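The chain contents come next:
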Amino acid sequence: MKIGDREVRIVAPDSLTLRHEIVAAAGSNWRRAFGAALGICWRGAGKPSTRYAACDYSPLKYGGEVIDELTSRGDDLGEIMTAGGEAFALLTEGIITEKEVKETADFIEPAEE
């Protein structure tokens, strides 16, 4: 996937606990959870300099810092969220089932316009 002109390679972390923390955070703020997933999974050039430990191991704080850093570089928020969504999906593999995702999606009411 790409963000701007950078190719982004994502790899899920080995830590199941870390994956669970980020997935659980999506219930409070999915945008920040997507940012956290992207930062944790990003490998190689262009990876945000923000560190999870420096954010007190808070996925929501970390996700916000990742998003802020990338947007301050001039990256498009839509591209960041798309990449973050792919990273988040990678984190959920083996944690939540497709049935649970559908049940959650059916439960969430669409935003009013």
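Going by the structure above, here's the rest.
A brief look at the structure comes next.

Definitions and cut-offs
- Residues numbered from 1 in each chain as written.
- Predicted model: local features only at pLDDT ≥ 70, side-chain atom pairs only at ≥ 80, totals over all residues.
- Heavy atoms only, no water.
- Salt bridge = Lys/Arg side-chain N within 4 Å of Asp/Glu carboxyl O.
- Buried < 20%, exposed > 50% of the residue type's maximum accessible area, 1.4 Å probe, protein only.
- Phe/Tyr/Trp six-rings, centres within 6.5 Å; stacked < 30°, edge-to-face > 60°.
- Helix = DSSP H or I, 4+ residues; strand = E, 2+ residues; numbered from the N terminus.

### Side note on the pattern of salt bridges
Consideration 1: Here the structure, examined in full by the defined rule, presents three salt bridges.
Consideration 2: Measuring nitrogen to oxygen at the nearest pair gives 3.4 Å for the salt bridge that ties Lys-61 to Asp-56.
Consideration 3: A relative accessible area of 57% means that Asp-56 is categorised as exposed.
Consideration 4: Across the pair Arg-73 and Glu-69 runs a salt bridge, and its minimum N-O distance is 2.9 Å.
Consideration 5: Under the relative-accessibility criterion, Glu-69 is labelled buried at 15%.

### Considerations on the packing of aromatic side chains
Consideration 1: For the coordinates displayed, the defined rule picks out four aromatic pairs.
Consideration 2: Measuring from centroid to centroid gives 5.2 Å for Phe-34 and Phe-88, while their planes differ by 35 degrees, and the two rings are tilted. Remark: Phe-88 occurs in helix H4 (residues 77–92) and Phe-34 occurs in helix H2 (residues 30–41); sequence separation between them is 54 residues.
Consideration 3: Take Phe-34: its relative accessible area is 17%, and that puts it in the buried class.
Consideration 4: Of the residues examined, Phe-88 reaches a relative accessible area of 13% and is grouped as buried.
Consideration 5: Each ring, one from Tyr-52 and one from Tyr-57, has its centre 5.6 Å from the other, and the planes form 80 degrees; the classification is edge-to-face.
Consideration 6: Here Tyr-52 falls in the buried class, since its relative accessible area comes to 11%.
Consideration 7: Residue Tyr-57 is classed as exposed on the basis of its relative accessible area, which comes to 54%.
Consideration 8: Clustering of aromatic rings is evident, with ring pairs tying together Trp-30, Phe-34 and Phe-88.

Read these as layout, nothing more, since geometry by itself doesn't imply function.
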